[in-house]
Amino acid sequence: MSKAPIRVAVLAERLGTRAGGTEVYERCLLTALLNKAVQTDGNQICPMVARSEALDVLPGSVRSACHVLRPGGKMGTLLATGIAVKRLRADVFHSCFVTPPLLGNIPVVATVHDLGFLQYKEQYPRLLGWRLKKTFNWTLRRADVIVTDSDHTRQDILALTDTAPMKVRTIHNGLDQQFTRKQAMNPLALLSYGVRQPYILYVGRLEPRKNVPVLIEAYDRLRSSGRFTGQLVMLGAKNTFLCDAAIARTDRSPFRRDIVQPGHVPDKAVPVFYAGASALAFVSLYEGFGFPVLEAMATGLPVVCSNTTSLPEIVGDAGLLVDPTDSKAVADALARVVHDDALRGELIAKGFRRAAQFTWDRAAEEFFDLYREVAMRDTSTRAYRTQVPVS
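The rules behind these values
Residues numbered from 1 in each chain as written. Predicted model: local features only at pLDDT ≥ 70, side-chain atom pairs only at ≥ 80, totals over all residues. Heavy atoms only, no water. Helix = DSSP H or I, 4+ residues; strand = E, 2+ residues; numbered from the N terminus. Buried < 20%, exposed > 50% of the residue type's maximum accessible area, 1.4 Å probe, protein only. Contact = heavy atoms within 4.5 Å. Areas by Shrake-Rupley, 256 points an atom, 1.4 Å probe, with all protein chains shown as cover. Lys, Arg positive; Asp, Glu negative; His and termini not counted. Charge placed at Lys NZ, Arg CZ, Asp CG, Glu CD. Polar contact = N/O pair within 3.5 Å; in protein donor to acceptor, adjacent residues only side chain to side chain. Salt bridge = Lys/Arg side-chain N within 4 Å of Asp/Glu carboxyl O. pLDDT = per-residue confidence, 0-100. Pairing = 2+ DSSP bridges. Axes fitted to C-alpha atoms, helices over the stretch in contact; angles between N-to-C directions. Core = buried A, V, L, I, M, F, W, Y, C linked by side-chain atoms within 4.5 Å. Right-handed = clockwise from strand over helix to strand, strands pointing away.

A. The arrangement of the overall build of the protein chain in detail. Regarding its fold elements, the protein chain presents 15 helices and 13 strands. In terms of its C-alpha atoms, the protein chain occupies a principal-axis envelope of roughly 65 × 45 × 35 Å. Within the protein chain, the proportion of its 391 residues that are buried is 56%. Considering only residue pairs separated by 6 or more positions, the protein chain has 69% of its internal contacts joining residues 24 or more positions apart. Accessible surface computed for the protein chain: about 16,600 Å², of which carbon and sulfur atoms make up 53%. Of note, the protein chain has its 49 positive side-chain charges centred 4 Å away from the centre of its 38 negative side-chain charges.

This is the structure:
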């Protein structure tokens, strides 16, 4: 029996902002949804972006399908989205970050990536934390289904709110196709960023929950003990808030000349850094998914990561899991990965197999099934609505 075609408006509000994993999510999901729609008879995806800069990071086929809202400010984005959704006559609206008002009675699917702003309140500026909590509460009330990137984030929502379990679904992210085992090393490209082999790689911002000071302490231990002589490469933009601790710890390192921070690099250049590294070190305190560990596994780079939050769920047994607060444990795990060839080969093989389980094609199929489900619900009852938001 054929499935009825459906029209879905998707808001990718963070595209074009260099928002790290959130931007990767929106770019890859839009591409996968549009590809899946092309393979079916009648399905339509109507992507909406908040700024013209978003078009620069999208493939041509996605770029040509986008509606650029061009509003003024964040509130303007939300208001313009509500108007555009009505004009598009969509069957379902999917918000990848914040659910806007003025949507009428259209069924809503909303993605919630993590609850870092609740679990680590002290690490967010007061106004930003307040705004994120308010928009999260609104999303909980308005959405018919909340989608999370991991079971861990789903459990966080259920533990911290009175949301009905049937309302929160996990759809794991996929792997960006630019990350494959075929990526060749390019020492000349690395040198242009001040990077030379060997090096340990970190990918992510410098915000507090990424736990960069402990990573640098582990690196200092490795260097001081003579177990590693190469660089530590920290790839990613400085966060717009509270990165002082990471910067200060870098400046205090006796090996600070070998701690390289290329900053934000173009997406197409990132696989070169994975291909040339000795290991990925990712000892974040809190993650909703963790794209860097997936990207590392897919490119044949052994992973040392935290044994907390979503990371064990994503890595499985394909990496070394450590206590992210214990710099000695982090250093010892990195030393094992660098020097134990048998272990290294085992982790690389397991990493390839693990990464292959995460595909955007599978995620897009699950989303289309979800879109059809919510489109068929009786929107007058909203049976799964949350009545008591987080305080």
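B. Seen up close, the side chain of Gln231. In this fold, Gln231 is placed in strand S9 (residues 231-235). A distance of 2.9 Å separates the side chain of Gln231 from the backbone nitrogen of Arg196, its partner in a polar contact. For Gln231, the contacting residues outside a window of four places in its chain are Gly194, Val195, Arg196, Pro198, Tyr199, Ile200, Tyr219, Asp258 and Val260.

C. Summary view of the pattern of salt bridges. Evaluated as defined, the whole model comprises 17 salt bridges. Two residues, Lys36 and Asp361, come together in a salt bridge whose shortest N-O distance is 2.9 Å. Taken as a pair, Lys36 in helix H1 (residues 21-38) and Asp361 in helix H15 (residues 360-375) lie far apart in primary sequence, 325 residues in all. Here Lys36 falls in the buried class, since its relative accessible area comes to 9%. You can call Asp361 partly exposed: its relative accessible area is 45%. Salt-bridge contacts for Lys350 lead to Asp317; the nearest nitrogen and oxygen are separated by 3.6 Å. Residue Lys350 is found in helix H14 (residues 341-355), and its partner Asp317 is found in the loop between helix H12 (311-315) and strand S13 (320-322); the two are separated by 33 residues along the sequence. The class of Asp317 is exposed, set by a relative accessible area of 52%. Within this structure, Arg27, Asp176 and Asp267 form a network of salt bridges that share partners.

D. Region of the structure containing the confidence of the model for the protein chain. With 92% of its residues at a pLDDT of 70 or more, the protein chain shows a mean pLDDT of 89. Long-range and interchain partners of residues 383-388, a stretch whose pLDDT sits below 50, account for 14 contacts in this model, where long-range means more than four residues apart.

E. The arrangement of the sheet that holds strand S12 (residues 303-306) in detail. Taken together, six strands build an open sheet; the order of strands is S10-S9-S8-S11-S12-S13 and the sheet is parallel. If you trace the sheet from one side to the other, it starts and ends with strand S10 (259-263) and S13, each paired once. Averaged over all pairs of adjacent strands, the angle between strand axes in this sheet comes to 25°, irrespective of strand direction. By the bridge criterion, five bridges tie strand S8 (residues 199-203) to S9 in an arrangement that is parallel. Bridge pairing in S9 places Leu201 opposite Val233. Contacting S8, strand S11 (279-282) and S12, helix H11 (residues 291-298) runs over the sheet at an angle of about 170° to S11.

F. Summary view of H11. Among the eight residues in H11, eight count as buried, and that is most of the element. If you check which residues of H11 are buried, you get Phe291, Pro292, Val293, Leu294, Glu295, Ala296, Met297 and Ala298.

G. Examining the nonpolar core more closely. Residues Leu201, Leu280 and Tyr371 are the most contacted members of the largest nonpolar core, which totals 101 residues. Here the element with the most residues in this core is H1; it accounts for nine residues. For Leu201, the residues in contact, after removing those within four places along its chain, are Val233, Leu235, Phe273, Tyr274, Ala277, Ala279, Leu280, Ala281 and Leu301. With 30 residues, the next largest nonpolar core counts Met48, Leu88, Leu115 and Ala143 among its residues.

H. The arrangement of the pairing of S9 in detail. Of all five residues that make up S9, five are buried, and the element is covered over most of its length. Handedness of the β-α-β unit built from S8, helix H8 (residues 212-224) and S9 comes out right-handed. With three bridges joining them, S9 and S10 adopt parallel strand pairing. Among the inter-strand pairings, Val233 is bridged to a residue of S10, identified as Val260.

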